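# Overview (structure and organization)
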Amino acid sequence: SQQGEEDPQALSIQEGENATMNCSYKTSINNLQWYRQNSGRGLVHLILIRSNEREKHSGRLRVTLDTSKKSSSLLITASRAADTASYFCAMLGGFKTIFGAGTRLFVKA
Amino acid sequence: DVKVTQSSRYLVKRTGEKVFLECVQDMDHENMFWYRQDPGLGLRLIYFSYDVKMKEKGDIPEGYSVSREKKERFSLILESASTNQTSMYLCASSFSGTGKYEQYFGPGTRLTVT
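The structure reproduced in this document is the subject of the present report. These numbers were taken from a predicted model, which means no experiment stands behind them.

## Some words on the side chain of Gln33 of chain A
Its place among the elements puts Gln33 of chain A in strand β4 (residues 31-37). Among the polar contacts listed, one links the side chain of Gln33 of chain A to the side chain of His45 of chain A, at a separation of 3.3 Å. Dropping the residues within four chain positions of it, Gln33 of chain A is found in contact with His45, Ile47, Leu48, Phe88, Cys89, Ala90 and Thr97 of chain A together with Tyr101, Glu102 and Gln103 of chain B.

And the structure:
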């Protein structure tokens, strides 16, 4: 299966701390995306990193991609209570996008 | 602002019923997708469509069918609902073409089959 695996499954931090989530995948990809899902809602696209990129920033988000290790990480700096959500990596290889199982982030105020 | 809407947020159906889940997008997207989301399993692709009247099976199409008669509308059909189809169903859409990979999601339909 090309499904991604995310680590950790759940993460609990204090407001102001940084949160790091990791994603590993099995086959070649064209790009990797990160999505956020608030409880019981649809997913919202956060950031996309292409297979020829190593790092990308967007506001408080930093994404890295290591194609040799088939892994990516999402860093959220200076977390806020409003960042509490589930975060999913999604790999595009060929025509289909494959989603990981997600990391549940809890940010305590 | 892209909007993807789904016909119901919550739905309760009985085993054996035929169930229709509707999805409409307003951004003229070519691609549309149906996923189901279960705890610990992430999103699994049921069917997708890259054009009107076109459909492709995803990873778990068994027990489902789809219809896309108009570009903006993609329907998921459970021919005979079963309890193992109790899940959150998410619809998404996206543009075709190089560089346009972002998928836009609807709010989801939580289906319970009793």
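## A closer look at the interface of chain A and chain B
With 21 residues of chain A at the contact, the number on the chain B side is 21 residues. Carbon and sulfur atoms make up 56% of the surface buried where chain A meets chain B, a total of about 1,600 Å² over both sides. It is Phe95, Lys96 and Phe99 of chain A that lose the most area in chain A upon contact with chain B, and together they represent 28% of the buried surface on that side. The tally of links from chain A across to chain B stands at zero salt bridges. On inspection of chain A and its partner chain B, the count reaches three residue pairs in polar contact (both at pLDDT 80 or more). Contributing elements (two or more residues each) for the side of chain A that touches chain B: β4, β5 (43-50), β9 (85-93) and β10 (96-99) of chain A. Class assignment for the residues of the side of chain A that touches chain B results in nine nonpolar, nine polar and three charged.

## Considering the packing of aromatic side chains
Taken as a whole and assessed by the stated rule, the structure comprises eight aromatic pairs over all chains. Put simply, the rings of Tyr35 and Phe99 of chain A together with Phe33, Tyr35, Phe48 and Phe105 of chain B pair up and form one aromatic cluster.

## So, the nonpolar core
General note: in soluble globular proteins, nonpolar side chains tend to be found buried as a group. Within the largest apolar cluster, 22 residues are counted, with the highest numbers of intra-cluster contacts made by Leu32, Trp34, Leu74, Ile76 and Leu105 of chain A. Among the elements of the structure, β2 (10-14), β3 (19-24), β4, β5, β7 (61-66), β8 (71-76), β9 and β11 (103-108) of chain A are those that each provide at least two residues to this core. In terms of residue count, β9 of chain A provides more of this core than any other element does, four residues in total. Leu11, Leu21, Phe74 and Leu78 of chain B belong to the second-largest nonpolar core, a separate cluster that totals 20 residues.

## Considering the sheet that holds β8 of chain A
Residue and element names in this part refer to chain A. With antiparallel pairing, five strands are arranged side by side in an open sheet as β1-β3-β8-β7-β6. This sheet does not close on itself; its edge strands, each paired only once, are β1 (5-7) and β6 (55-58). Each strand of the sheet is rotated relative to its neighbour by a mean of 15°, with strand direction disregarded. Relative to β7, β6 runs antiparallel, the two being bridged by four bridges. Looking across to β7, one finds that Ser58 is bridged to Leu61.

## Remarks on the sheet that holds strand β3 (residues 19-25) of chain B
Residue and element names in this part refer to chain B. Read across the open sheet, the four strands follow the order β1-β3-β8-β7; overall the sheet is antiparallel. Whereas interior strands pair on both sides, the edge strands pair on one side only; in this sheet they are β1 (4-6) and β7 (64-70). Taken over all neighbouring pairs, the strand axes of this sheet differ in orientation by 20° on average, direction set aside. Here β1 runs beside β3; their pairing, made up of three bridges, is antiparallel. Each bridged residue has a counterpart across the sheet, and for Gln6 the counterpart in β3 is Cys23.

## Considerations on the state of the cysteines
Scanning the model with the defined rule gives two disulfides over all chains in all. Paired by a disulfide, Cys23 of chain A and Cys89 of chain A hold their sulfur atoms 2.1 Å apart. Negative torsions about the S-S bond denote left-handed disulfides, and the value of about 70° found for Cys23 of chain A with Cys89 of chain A makes this one right-handed. Here the residue Cys23 of chain A occupies a position in strand β3, and Cys89 of chain A occupies one in strand β9, the gap between them amounting to 66 residues. Judged by relative accessible area, Cys23 of chain A falls into the buried class, the value being 2%. Cys89 of chain A gets classed as buried once you look at its relative accessible area, which sits at 0%. The disulfide that involves Cys23 of chain B links it to Cys91 of chain B, with 1.8 Å between the sulfurs. Negative torsions about the S-S bond denote left-handed disulfides, and the value of about -75° found for Cys23 of chain B with Cys91 of chain B makes this one left-handed. With Cys23 of chain B in strand β3 and Cys91 of chain B in strand β9 (residues 87-94), this pair connects stretches of sequence that are 68 residues apart.

The rules behind the values
Residues numbered from 1 in each chain as written. Chains lettered and ligands numbered in written order. Predicted model: local features only at pLDDT ≥ 70, side-chain atom pairs only at ≥ 80, totals over all residues. Heavy atoms only, no water. Helix = DSSP H or I, 4+ residues; strand = E, 2+ residues; numbered from the N terminus. Polar contact = N/O pair within 3.5 Å; in protein donor to acceptor, adjacent residues only side chain to side chain. Contact = heavy atoms within 4.5 Å. Buried area = accessible area lost by both parts, 1.4 Å probe. Salt bridge = Lys/Arg side-chain N within 4 Å of Asp/Glu carboxyl O. Nonpolar A, V, L, I, M, F, W, Y, C, P; charged D, E, K, R; others polar. Phe/Tyr/Trp six-rings, centres within 6.5 Å; stacked < 30°, edge-to-face > 60°. Core = buried A, V, L, I, M, F, W, Y, C linked by side-chain atoms within 4.5 Å. Buried < 20%, exposed > 50% of the residue type's maximum accessible area, 1.4 Å probe, protein only. Pairing = 2+ DSSP bridges. Axes fitted to C-alpha atoms, helices over the stretch in contact; angles between N-to-C directions. Disulfide = S-S within 2.5 Å.

From the geometry alone we can't say anything about function, so treat these as descriptive.
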